[in-house]
Amino acid sequence: MRVVIAEDSALLRDGLAQLLELRGVEVAAAVGDAETLLVAISEHAPDVAVVDIRLPPTQTDEGVRAAVRIRTERPGTGVLLFSQYVETAHATQLLANPAGFGYLLKERVADIGEFVDALERIKAGGTALDPEVVAQLFGASRRTTALDTLTPRERQVLSLMAEGRTNHAVAAALTVSERAVEKHVANIFTKLDLPPSDTGHRRVLAVLRYLESTS
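Bear in mind that the values here come from a model prediction, so they are computed numbers and not experimental data.

With respect to the packing of helix H1 (residues 10-22) against helix H5 (residues 112-123)
Look at H1 against H5: their axes get within 11 Å of each other, and the N-to-C directions meet at 80°. It follows that H1 is roughly perpendicular to H5 by the angle criterion. Of the residues in H5, those in contact with Leu16, Leu19 and Leu20 of H1 are Ile112, Phe115, Val116 and Leu119. Within the contact of H1 with H5, the residues separate by chemical class into seven nonpolar, no polar and no charged.

In structure tokens form, the structure reads like this:
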């Protein structure tokens, strides 16, 4: 797996690059600003770009805007936003095409193995969302929708699904049987009117129904 890192902190940038390389990940470039990031993406064609939201020169939203551009111009490149902030507007835009997208908070990543697992999921076209990101995005909902029909347990299951977890992993997190999780997932799909389809990933579409209700 080849990655490009965009992080303005030289200490964090170099440290992350070294840790990933120790895990067998090829770090093609590690840069400190959005403009250089876009050049590196064009030059190295990475599987995943790891991007901080706030980059020079203004330290506002250069990183996330670069991520949107990468997703638009190079849809085959996965993007992992890696930040200490939750930015809901652009995250919702990026999740309009959720395959190969992730959003993790720096302070909550305690294990490099889990970070590499997230990169692998994104490379494979999956998602990797921090529970706190999911909670803040979900909490922005202001309209009454079919989502209100979900039970508290179904909402828990959906939140864990949004992190990219399998049914087995969800069952382990909730200390229930995998069969129980399968029933909850089926109920979620039914309540959100998500029938089987060859063109859509229902697990991701279920998460998007939450995000579409934000304003």
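Structure shown, so let's carry the discussion forward.
Comments concerning the side chain of Glu62
You can see Glu62 is positioned in helix H3 (residues 62-73). Lacking a salt bridge, the buried Glu62 has Arg65 as its closest oppositely charged neighbour, with an N-O distance of 4.4 Å. Only 3.2 Å separates the side chain of Glu62 from the backbone nitrogen of Thr60, close enough to count as a polar contact. Not counting chain neighbours up to four residues away, the residues in contact with Glu62 comprise Ala34, Ile53, Leu55, Pro56 and Pro57.

Considering the nonpolar core
With 48 residues, the main nonpolar core has Leu37, Leu81, Phe101, Tyr103, Val157 and Ile188 as its most contacted residues. Ignoring anything within four residues of it in the chain, the contact list for Val157 reads Val170, Leu174, Val181, His184, Val185 and Ile188.

Things to note about the pattern of salt bridges
Using the criterion set out here, one finds eight salt bridges in the structure. Of the charged contacts, one joins Arg2 and Glu26 as a salt bridge, the two residues approaching to 3.4 Å between their closest N and O atoms. Placement of the pair is Arg2 in strand E1 (residues 2-6) and Glu26 in strand E2 (residues 26-31), with a sequence separation of 24 residues. Given the relative accessible area of 41%, Glu26 is considered partly exposed. Each of Glu7, Asp52 and Lys106 takes part in a single network of salt bridges with overlapping partners.

Basis of the calculations
Residues numbered from 1 in each chain as written. Predicted model: local features only at pLDDT ≥ 70, side-chain atom pairs only at ≥ 80, totals over all residues. Heavy atoms only, no water. Axes fitted to C-alpha atoms, helices over the stretch in contact; angles between N-to-C directions. Helix = DSSP H or I, 4+ residues; strand = E, 2+ residues; numbered from the N terminus. Parallel < 35°, antiparallel > 145°, perpendicular 65-115°, else oblique. Contact = heavy atoms within 4.5 Å. Nonpolar A, V, L, I, M, F, W, Y, C, P; charged D, E, K, R; others polar. Buried < 20%, exposed > 50% of the residue type's maximum accessible area, 1.4 Å probe, protein only. Lys, Arg positive; Asp, Glu negative; His and termini not counted. Salt bridge = Lys/Arg side-chain N within 4 Å of Asp/Glu carboxyl O. Polar contact = N/O pair within 3.5 Å; in protein donor to acceptor, adjacent residues only side chain to side chain. Core = buried A, V, L, I, M, F, W, Y, C linked by side-chain atoms within 4.5 Å.

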